[in-house]
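Notes for the structure review
So the chains spell out like this:
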Amino acid sequence: MKPTKIQLSEKDIPTSWYNIMADIDFPMEPPLHPETKEPIGPEALEPIFPMALIGQEVSQERWIEIPEEVRDIYALYRPSPLFRAHRLEAALGTPAKIYYKYEGVSPAGSHKPNTAIAQAYYNKEAGVKRIATETGAGQWGSAISLACNYFDIECMVYMVKVSYEQKPYRRSLMEIWGANVIPSPSDQTEFGRKILAQDPESLGSLGIAISEAMGDAASREDTNYALGSVLNHVMLHQTVIGLETKKQMEIAGDYPDVIIGCCGGGSNLAGLSFPFLADKFAGKDVRVVAAEPKACPTLTEGKCEYDFGDTAGMTPLLKMYTLGHEFVPAGIHAGGLRYHGDSPIISALYEHDLIEAVAVHQNPVFESAVQFARTEGIVPAPESAHAVRVAIDEALEAKKTGEPKTILFGLSGHGHFDLASYDAYLAGKLIDYDYASEES
Ligand SMILES: Cc1ncc(COP(=O)(O)O)c(C=O)c1O
C-alpha cells in the first residue's frame, strides 16, 4: 500500500517557534505612529497587547520556546497530518507529486488556533479578563473563542456582516465556546455607527471590523485586542505548521520544489513556508507562492507602502502591500481573504523576490475545490481552495512539460461551514469579480 498520511506523534509537537526575522538579510521598515508618523517603540502597543506578545513582535531571536500550557492544548489536534494526494495526482494525470498539510483537524477547523491558543495564554498570564477581536469568515473568531474558553477569558467578536449572513453556524460555534458575536459594522462602537450612517447596507470588511474591535479594546481597561493574522507574532506562532511538515517530508523522502498557501493576511502561508525559507536562505532551491483572490489582489496589484491595518486609521502604519485601507472588496465567499493589506514580513519577502504571488477567480477556485473533494474527500474552506487551485495549475503545468516536480500546499481549513458557497457555485450563481469590483 502506498503511504497516504504521514503522521507524527505528540512528542514531535515543536518545542519552539521559528522566527524568520533572525535570518532575513534586509532591514524591515518600522511601524509608524498613526498621527505623528514617527517610528513607534514596543510601549505604544501596550494598551492593547500583553508585553510577552509585544516582545515576540520585535524579537530577533531565531527560536522562541512554546510554553508547555500551549503545547498541552496543541496536543488536542497537533501534529496535523501531511497527506500525499495520490487520487488527485491520478485524476490530473500529472507526473508531479502533490502533498498537502491539513490544518482542518483543529477543533475550529483551521490553522487559526495555532496562534489563538498562544495569544489567549499570554493574555491570561498578563491578567487580561476580556478580548475583543474581529473575524471575516468566522475561522479566526472560532479559534479565539475556543482559546478564550480554555483560559477563562471573556470573548467579544465583531464578525464581518457578509460572513455573518452567509455563515450563521460559525456564529453558533463561537457561542458554543462562550463568545459574544455581533455583525460589523455594528451600532456598538463609534466607528461602526459612522459607517452605518454613511451606508446602512454596508457588507462590512475586515478593515472595518478591526477598527471596531480596536475601538472596543481601547475604550475598556479590562480588554485587550487580538489579531488573527498580519502581525509578526502571529506569523511566528504559525510556524508549527512548517516545522512539522519538514519532518514529515523527510519521512516521505521528498523535498518540495514549490510551496503554495492561500494568502489573506499571510499567516498560514508564513507558517508553512518560513521554516523552508530558512533552507532557501542557506542556498536551497525552493519556490514559495501566495494564492490570492482576483477580487482582492493585494500582492499582485497592490502597492508596497505605509498604510493603516484598519479602515478607521487607528492602527500603527505598517509598510506592506495594500489596496488602500478604505478598499472594501466584493463579497466573495473566501471571507478570510477579503483584506486590503498583507503581513509586513510577507510583503517584504515579496518585494525582495523571495516569494511569488498568483491571483485567481472564485469560479475556478470552487471548480478545483470540488475536484479535490471528489478525489481526496476533504471539502476545502473557500480560502484554502485558492491554494488548491494554484497547486492544480502547477501540477497541470508539470503534465505539459513532463517535469516530475514535488508540490506542497497548505490546506488551511475545511469548508463544512461554507456549504452555502458550494451551493451557490453548483447552481452557477457565483460571480467572478475583478479588483475594480466589476464582473468579469
Ligand atoms: C481557512 C483559512 N485559510 C486562510 C485564511 C487567511 O488568513 P491567513 O492569510 O492569515 O492565513 C483564513 C482567514 O480567515 C482562513 O479562515
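You'll find the structure just up there.
The sections below set out a description of the structure shown in this document. Quick caveat, the model's predicted, so the values are computed rather than measured. Here the residue numbers are simple positions, counted from 1 along each chain's written sequence. Two thresholds apply to this predicted model, a pLDDT of at least 70 for residue-level local features and 80 or more for giving and counting side-chain atom pairs, whereas whole-chain, interface and lining totals are computed over all residues.

1. Digging into the nonpolar core
- Note on terminology: a nonpolar core is a set of buried residues of type Ala, Val, Leu, Ile, Met, Phe, Trp, Tyr or Cys, with members joined through C-beta atoms within 7 Å. Exposure is read from a count of other C-beta atoms within 10 Å of each residue's own; the residue is exposed at 12 or fewer, buried at 20 or more and partly exposed in between. C-beta atoms are placed from the backbone. Membership of the largest hydrophobic core comes to 134 residues, with the highest contact counts inside it found for I144, I260 and A391.
- Secondary structure elements follow DSSP: runs of H or I of four or more residues count as helices, runs of E of two or more count as strands, with numbering from the N terminus. When residues of this core are assigned to their parent elements, the largest contribution, eight residues, is made by helix 16 (residues 382-401).
- Apart from the residues within four sequence positions on either side, I144 is in contact with A116, A120, I131, T133, C155, A226 and G228. A pair of residues counts as a contact when their C-beta atoms, built from backbone coordinates, are separated by no more than 7 Å.

2. Some remarks on the site of the ligand
- Throughout this description, a residue near a molecule or strand is one whose C-beta atom, derived from the backbone, lies within 6 Å of it. The immediate surroundings of the ligand are formed by 20 residues, with Q139, S229, G264, G336 and G413 found nearest.
- Looking at the shell around the ligand, the elements that each hand over two or more residues are helix 5 (139-151), helix 12 (267-281) and helix 16.
- For the shell around the ligand, the class distribution of residues is six nonpolar, 13 polar and one charged. Residue polarity is assigned by list, with Asp, Glu, Lys and Arg as charged and Ala, Val, Leu, Ile, Met, Phe, Trp, Tyr, Cys and Pro as nonpolar; anything else, Gly included, falls into the polar class.

3. A short note on helix 15 (residues 362-376)
- An ideal rise of 1.5 Å per residue puts 21 Å on 15 residues; helix 15 measures up with 20 Å between its terminal C-alpha atoms.
- Where helix 15 is concerned, the buried positions are Q362, V365, F366, S368, A369, F372 and E376. Down the axis of helix 15, the buried side of the element spans an arc of 160°, and every buried residue falls inside it.
- At its buried positions, helix 15 is contacted by helix 3 (86-92), strand 11 (287-293), strand 14 (356-360), helix 16 and helix 17 (419-426).
- The positive-phi residue at the C-terminal boundary of helix 15 is G377, with phi of around 95°. To estimate how far a helix should extend, the number of its residues minus one is multiplied by 1.5 Å. Arc definition: directions from the helix axis to the C-beta atoms.

4. Remarks on the packing of helix 8 (residues 190-198) against helix 9 (residues 206-219)
- In this description, a line fitted to the C-alpha atoms serves as the axis of each element, helices being fitted only across the stretch in contact, and the angle between N-to-C directions of two axes falls anywhere from 0 to 180 degrees. Where helix 8 contacts helix 9, the two axes come as close as 8 Å, and the packing angle between them is 145°. Facing E190, F191, G192 and I195 of helix 8, the residues of helix 9 in contact are I208, S211, E212 and G215.
- Residues belonging to the contact of helix 8 with helix 9 are distributed by class as follows: three nonpolar, three polar and two charged.

5. A look at helix 11 (residues 239-252)
- Here helix 11 contains 14 residues, and its C-alpha end-to-end distance of 20 Å stays within 8% of the 20 Å for a straight helix at 1.5 Å per residue.
- Buried residues of helix 11: T239, V240, I241, G242, L243, E244, T245, Q248 and M249, and no others.
- Just past helix 11, the residue G253 takes up positive phi, approximately 75°.

6. Some thoughts on the sheet that holds strand 14
- One bridge is not enough; two strands pair if DSSP finds at least two bridges between them. In space, the seven strands of this open sheet follow the order 1-4-5-15-10-11-14, with mixed pairing throughout. With partners counted over all chains shown, the strands left at the sheet margins are strand 1 (5-6) and strand 14, one partner each.
- By the bridge criterion, three bridges tie strand 4 (residues 82-84) to strand 5 (residues 97-102) in an arrangement that is antiparallel. Paired with R84 across the two strands is Y99, which belongs to strand 5.
- Relative to the sheet, helix 16 contacts strand 5, strand 10 (258-262), strand 11, strand 14 and strand 15 (406-411), its axis offset from that of strand 10 by approximately 150°.

7. Observations concerning the sheet that holds strand 8 (residues 180-184)
- One open sheet accounts for four strands, arranged 8-7-6-9; its pairing is parallel. Looking at strand neighbours, the two that pair on one side only are strand 8 and strand 9 (223-225), the edges of this open sheet. This sheet shows a mean twist of 25° between the axes of neighbouring strands, independent of strand direction.
- As judged from the three bridges shared by strand 6 (residues 130-135) and strand 9, these two strands associate in the parallel manner.

8. Here's the deal with the packing of helix 15 against helix 16
- Following both chains from N to C, one finds helix 15 and helix 16 inclined at 85°, their axes separated by 8 Å at the closest point. With respect to their mutual orientation, helix 15 and helix 16 come out roughly perpendicular. Contacts between helix 15 and helix 16 pair P364, V365, F366, S368, A369 and F372 from the former with A385, H386, V388, R389 and I392 from the latter.
- Residues that form the contact of helix 15 with helix 16 fall into these classes: eight nonpolar, two polar and one charged. An angle counts as roughly parallel when it lies under 35 degrees, as roughly antiparallel when it exceeds 145, as roughly perpendicular when it falls between 65 and 115, and as oblique in every other case.

9. Observations regarding the environment of A116
- Relative to the helices and strands, A116 is located in helix 4 (residues 113-125).
- Here A116 falls in the buried class, since 32 other C-beta atoms lie within 10 Å of it.
- It is 31 Å that separates the C-alpha atoms of A116 and T406, two residues lying 290 residues apart in sequence.
- Aside from chain neighbours lying at most four places away, what touches A116 is A143, I144, L146 and A147.

10. What to know about the pairing of strand 6
- The buried fraction of strand 6 amounts to five of the six residues, a majority that puts the element mostly inside the structure.
- Of the pairings in the sheet, the one linking strand 6 to strand 7 (residues 154-160) comprises six bridges and is parallel in character. Counterpart to T135 in the pairing with strand 7 is M159.
- Handedness of the β-α-β unit built from strand 6, helix 5 and strand 7 comes out right-handed. The crossover handedness rule: strands pointing away from the viewer, path from first strand over the helix to second strand clockwise, crossover right-handed.

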